[in-house]
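Listed below, chain by chain, are the residues.
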Amino acid sequence: MERYREHIRLRGFDYRENHAYFVTVCSGGRSCIFGTVEGDQVRLTRRGMIIQACWKDVPNHHPFVELDQMIVMPNHFHAIICFVGNNVAATPASPIPQGVRPTGPASRSLSAVIGSFKSAVTRMVNHVRPGAGEGLWQPNFYEHVIRGDRGLDLIREYILNNPARWAEDEHNLASERTISFGSWLASQKMGDAGVAATRGQS
C-alpha cells in the first residue's frame, strides 16, 4: 500500500518558516534497496551511500538550511532539517496572475528542498548505473513540525534507535507487529511539545 500520497498541509502554515522539521522519505514500493539491518547497525548499499552523501550536501545548495540527526534505513530515510536565517522575508510571495493556478512547491520551502534532494539522488544513482534511479522514490514525503527542545531531543533519539527497532518498524514489510512514528510519539506523552504532522508534496 502506498502511503503519504495525499497532499495535506497544515492550514495557514508557511513551510519556509524557521522551524525544525522531521522528514521521512520512502523508497518506491518500500523496497529494501538502500541497505540491510544487521543487529543494531545499517549496512548501506551504494544507493544508500549516495542518499547519505547527497543529504550532507543539501546546505551547499540551500544556505538557509542546517542539518541535524539523520539515518538511512533499508527502505526509507529519516532526518531532522532546520530552517534558519531570514528565509521567508528573503522570498516574498510573487503575485499570481488571475486565473492561473500555482504548480509545484513554493520556492525555498520544505517541499522544494526535499524535492531537490530527491532529484539529486536520482541523478547520481543514474550516473553510477543508468536507469537504476527509475522508481527510486515513493511520491511525496512525511513531515512533522518539531516544536520545542523536548520534541527535538526525543526525535533525535528515535532516529538514532531506528535500526534497533527495525523488527517493529512501520516501513518493514516483513514485520507482523509494527509501531508507527505517530504511535511512538504519542507514547512519549509530549503534550504540546511538538505535534503537527502532514504529508508533503515533492
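For clarity, every value in this text was computed on a predicted model and none was experimentally measured.

Rules of the game
Residues numbered from 1 in each chain as written. Predicted model: local features only at pLDDT ≥ 70, side-chain atom pairs only at ≥ 80, totals over all residues. Heavy atoms only, no water. Salt bridge = Lys/Arg side-chain N within 4 Å of Asp/Glu carboxyl O. Helix = DSSP H or I, 4+ residues; strand = E, 2+ residues; numbered from the N terminus. Buried < 20%, exposed > 50% of the residue type's maximum accessible area, 1.4 Å probe, protein only. Pairing = 2+ DSSP bridges. Expected span 1.5 Å × (residues − 1). Arc of directions from axis to C-beta. Contact = heavy atoms within 4.5 Å.

Chemist: A description of the pattern of salt bridges should follow, citing residues and the corresponding values.
Modeler: Across all of its chains, the model carries four salt bridges by this definition. The shortest N-O distance in the salt bridge between D68 and R156 comes to 2.8 Å. Pair noted here: D68 is in strand β4 (residues 65-72) and R156 is in helix α5 (residues 149-160), with a separation of 88 residues, a long-range link. Linked by salt bridges that have partners in common, D68, D153 and R156 make up one network.

Chemist: Outline the pairing of strand β5 (residues 76-83), supporting the account with residue identities and numerical values.
Modeler: For β5, a buried count of eight out of eight residues is recorded, marking the element as mostly surrounded by other parts of the structure. Burial along β5 is two-sided: H76, H78, I80 and C82 facing one way and F77, A79, I81 and F83 facing the other are all buried. Bridge analysis of strand β1 (residues 20-26) against β5 gives seven bridges, and the strand direction is antiparallel. When the bridges of β5 are listed, V25 appears paired with F77. Relative to β5, β4 runs antiparallel, the two sharing six bridges. Counted as the bridge partner of M70 is A79 from β5. The antiparallel pairing of β4 with β5 creates a hairpin that spans three residues between the two strands.

Chemist: Break down α5 for me, with residues and values.
Modeler: An ideal rise of 1.5 Å per residue puts 16 Å on twelve residues; α5 measures up with 17 Å between its terminal C-alpha atoms. Listing the buried residues of α5 in full gives G151, L152, L154, I155, Y158 and I159. The buried residues of α5 all sit within an arc of 165 degrees when viewed along its axis, so they share a single face. Those residues of α5 that are exposed and aimed more than 90 degrees away from the buried face are D149 and L160. Where α5 is buried, its residues touch β1, β4, β5, β6 (141-146) and α6 (181-187).

Chemist: Break down the pairing of β1 for me, citing the residues and quoting the values.
Modeler: Look at any regular strand and the pattern is simple: side chains alternate between the two faces of the sheet. The element β1 is extensively covered by neighbouring structure, given that seven of its seven residues are classed as buried. In terms of strand pairing, β1 meets β6 through five bridges, oriented antiparallel. Bridge pairing in β6 links T24 to Y142.

So, to be careful, I would describe these as geometric facts and stop short of saying anything about function.
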